[in-house]
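Topology and contacts: notes
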Amino acid sequence: MSDGDVQMKSAISVAATTEPAIVFDRVGVSYGRGRKATVALADFTLRVAVGETVALLGPSGSGKSTALKALAGFVRPTSGAVRLAGRDVTDLSPAERGIGVVVQSYALFPHMTVHNNVAFGLKSHRVPRAETAARVAEALDMVGMGGYAKRLPRELSGGQQQRVAIARALAIKPSVLLLDEPLAALDAQLRHSMLGELQALRKALPDTAMLYVTHDQAEALALADRIAVMRDSRLVDIDTAENLWQRPPSDFTAGFLGGANLVPCTVDHVTGTAALVTAGTSTLRAQAPRPGVGLADWAPGDDAQLCIRPHTITIGKPGDRDALRATVLTSVWRGASTRVELSVDGLPGDLAADVSGHFTTAVGSVVGVRLPDPAGVLIARAVTGSTAEIGGSGAESRGDTL
Ligand code: ADP
Ligand code: MG
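Residues numbered from 1 in each chain as written. Chains lettered and ligands numbered in written order. Predicted model: local features only at pLDDT ≥ 70, side-chain atom pairs only at ≥ 80, totals over all residues. Heavy atoms only, no water.

Remarks on the site of ligand 1
- Neighbouring ligand 1 are Tyr31, Ala40, Pro59, Ser60, Gly61, Ser62, Gly63, Lys64, Ser65 and Thr66.
- Measuring from an oxygen atom of ligand 1, one finds a backbone N or O atom of Ser62 at 3.1 Å.
- Contact distances for ligand 1 include 2.8 Å between an oxygen atom and a side-chain N or O atom of Lys64.
- Compared with its free state, where it exposes 560 Å², ligand 1 has 59% of that area covered by protein.
- When residues in the shell around ligand 1 are grouped by element, the largest group, three residues, is from helix α2 (residues 64-72).
- Tallied by class, the residues present in the shell around ligand 1 amount to three nonpolar, six polar and one charged. (Near = heavy atom within 4 Å. Polar contact = N/O pair within 3.5 Å; in protein donor to acceptor, adjacent residues only side chain to side chain. Areas by Shrake-Rupley, 256 points an atom, 1.4 Å probe, with all protein chains shown as cover. Helix = DSSP H or I, 4+ residues; strand = E, 2+ residues; numbered from the N terminus. Nonpolar A, V, L, I, M, F, W, Y, C, P; charged D, E, K, R; others polar.)

Put into structure tokens, the structure is as follows:
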């Protein structure tokens, strides 16, 4: 490496202390042209700070991988820009970006040893050969694979192969690490233990910004400082996991993160962040956090949705104090808990409840259902099913929520 390179590098790391590690600036990606074009990412704006981990969480096809590929340089944005530590990299090749990438399918070279697989990326990053062995060993040690350098990928389990793929990404000492569903191909038990290892890895790399793509809310909750929820090529909500869980800004996020009963209701009375609402013929207390950006505070007469989490509902006898009469519609035992669908007298729609253990009351039985107090949290109905005001075409969109 020349002196010029060294200076260039330090200039970038100085910038990294003031600029976000990752910026997506209104990125759009379409596949194909003309009438056959698919919009895979629309007006996508996101900043990830140095050392921060952001999960991109959303259903299959929502544009998560496309966002990651646009940042890594595997697809070209149709509009907008991507920046790394303040530097516009939109026109650079993947290798020039110096990003570590880990994908679901491991993508190891089958005929190369573990050592050579990890060393491969170093070559394209022009790491001197004398340094290679030490860098490979260090990266393999970080993922607990130090003893496997001479093996071929087929001589490893799926979890071990994925560790090697992670080591390969780490060997270039990236300041940005992208992971696209890295645990999706593993069985449930292994996924759980790998999740713990990824948490440890995060701690070991405090200056590395990570973008972690997943459709699994448990992974997002376990790993991310903030979660960016995606739907239909757009970012719909972004916040800490805690905030998204406690005060979901939209019904989509409420449902995707944790599961939710969304009961239509009308606001009767508001005091600070508490409200009384009418749902069907029932009057219930609700939490009323300030609505999303651009929406007015809650007022009497507002149409809203009450988000009632299934695990907060308890089932007893019909005559129990404060219990609503309900009929059991279905009951599915899941081992540690049972998901019970209920038709509750006086409430619109059906309610799902998760009760602990094996709930054996027969379908068709009449029971008493107790909601928590407050029963749940209000979500604006204006946000329902519409992404128009979120990341829409207005110049002011989104910037204020980052
Ligand atoms: P996710 O990772 O959230 O599952 P993707 O980013 O892979 O979603 O895909 C977003 C959308 O773009 C989907 O509708 C998908 O079918 C489409 N898409 C992805 N890759 C291509 C491609 N190479 N060519 C055409 N359409 C694509
Ligand atoms: Mg994907």
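Overview of the state of the cysteines
- One pass over the structure, following the stated rule, counts zero disulfides.
- Left unpaired, Cys265 is separated from the closest cysteine sulfur, that of Cys307, by 11 Å.
- The exposure class assigned to Cys307 is buried, which follows from its relative accessible area of 2%. (Disulfide = S-S within 2.5 Å. Buried < 20%, exposed > 50% of the residue type's maximum accessible area, 1.4 Å probe, protein only.)

Looking at the sheet that holds strand β18 (residues 350-356)
- In spatial order, the strands read β15-β19-β16-β17-β18; together these five strands make up an open sheet with antiparallel pairing. Whereas interior strands pair on both sides, the edge strands pair on one side only; in this sheet they are β15 (314-316) and β18. Strand-to-strand twist in this sheet, taken as the mean axis angle between neighbours without regard to direction, amounts to 45°.
- For strand β17 (residues 337-344) and β18, the ladder comprises seven bridges, and the chain directions are antiparallel. (Pairing = 2+ DSSP bridges. Axes fitted to C-alpha atoms, helices over the stretch in contact; angles between N-to-C directions.)

Here we look at the side chain of Thr45
- Considering the arrangement of structural elements, one finds Thr45 in strand β2 (residues 38-48).
- At a separation of 2.9 Å, a polar atom in the side chain of Thr45 contacts the main-chain amide nitrogen of Arg26.

With respect to the nonpolar core
- One finds Val118 and Ile166 to be the most contacted residues of the largest nonpolar core, which totals 34 residues.
- When contributions to this core are tallied by element, the ones reaching two or more residues are α4 (114-124), α5 (129-142), α6 (158-171), β7 (176-180), α7 (188-204) and β8 (209-214).
- If one sorts the elements of this core by residue count, α6 sits on top with seven residues.
- Discounting residues that sit within four places of it in the chain, Val118 has contacts with Val136, Ala139, Leu140, Val164, Ala167, Arg168 and Ala171. (Core = buried A, V, L, I, M, F, W, Y, C linked by side-chain atoms within 4.5 Å. Contact = heavy atoms within 4.5 Å.)

With respect to the packing of α6 against α7
- Contact geometry for α6 and α7: axes closest at 11 Å, N-to-C directions at 20°. By the angle class used here, α6 and α7 are roughly parallel. The hand of the α6/α7 crossing is right-handed. Residues Gly159, Gln162, Arg163, Ile166 and Leu170 of α6 pack against Leu190, Met194, Glu197, Leu198 and Leu201 of α7. (Parallel < 35°, antiparallel > 145°, perpendicular 65-115°, else oblique. Left-handed = near helix turned anticlockwise from the far one by under 90°.)

Observations regarding the domain arrangement of the protein chain
- Annotation of the protein chain at the domain level lists domain 1 (3-246) and domain 2 (260-380).
- The gap between the C-alpha centroids of domain 1 and domain 2 is 39 Å. (Domains from an automatic or database assignment.)

Comments concerning the pairing of strand β11 (residues 261-271)
- As defined by bridge partners, β11 adjoins strand β14 (residues 303-308) across six bridges and the pair is classed as antiparallel. Bridge pairing links Leu262 to Cys307 in β14.
- Across five bridges, β11 lies against strand β12 (residues 274-279) in antiparallel orientation. The residue of β12 that forms the bridge with Thr271 is Ala274.

Structural notes on the sheet that holds β7
- Ordered by their spatial adjacency, six strands build an open sheet running β6-β7-β8-β3-β9-β10, and the pairing between neighbours is mixed. Here the strands that pair on one side only, and so sit at the sheet edges, are β6 (100-103) and β10 (234-240). Across this sheet, the average inter-strand angle for adjacent strands is 15°, counted without regard to direction.
- With five bridges joining them, β7 and β8 adopt parallel strand pairing. Residue Leu179 lies in a different strand from β8, and its bridge partner there is Tyr212.
- The strands that α2 touches are β3 (53-57), β6, β7, β8 and β9 (226-231); relative to β7, the one it contacts most, it runs at about 150°.

Side note on the pairing of β7
- In terms of burial, β7 is a largely internal element, five of the five residues being buried.
- Side chains Val176, Leu178 and Asp180 of β7 all project onto a buried face; the interleaved residues Leu177 and Leu179 project onto the opposite face, where all are buried too.
- As paired strands, β6 and β7 are joined by four bridges and run parallel to one another. Each residue of the ladder has a partner; that of Val102, found in β7, is Leu179.
- As for the winding sense of the linkage, the β-α-β connection from β7 through α7 to β8 is right-handed. (Right-handed = clockwise from strand over helix to strand, strands pointing away.)

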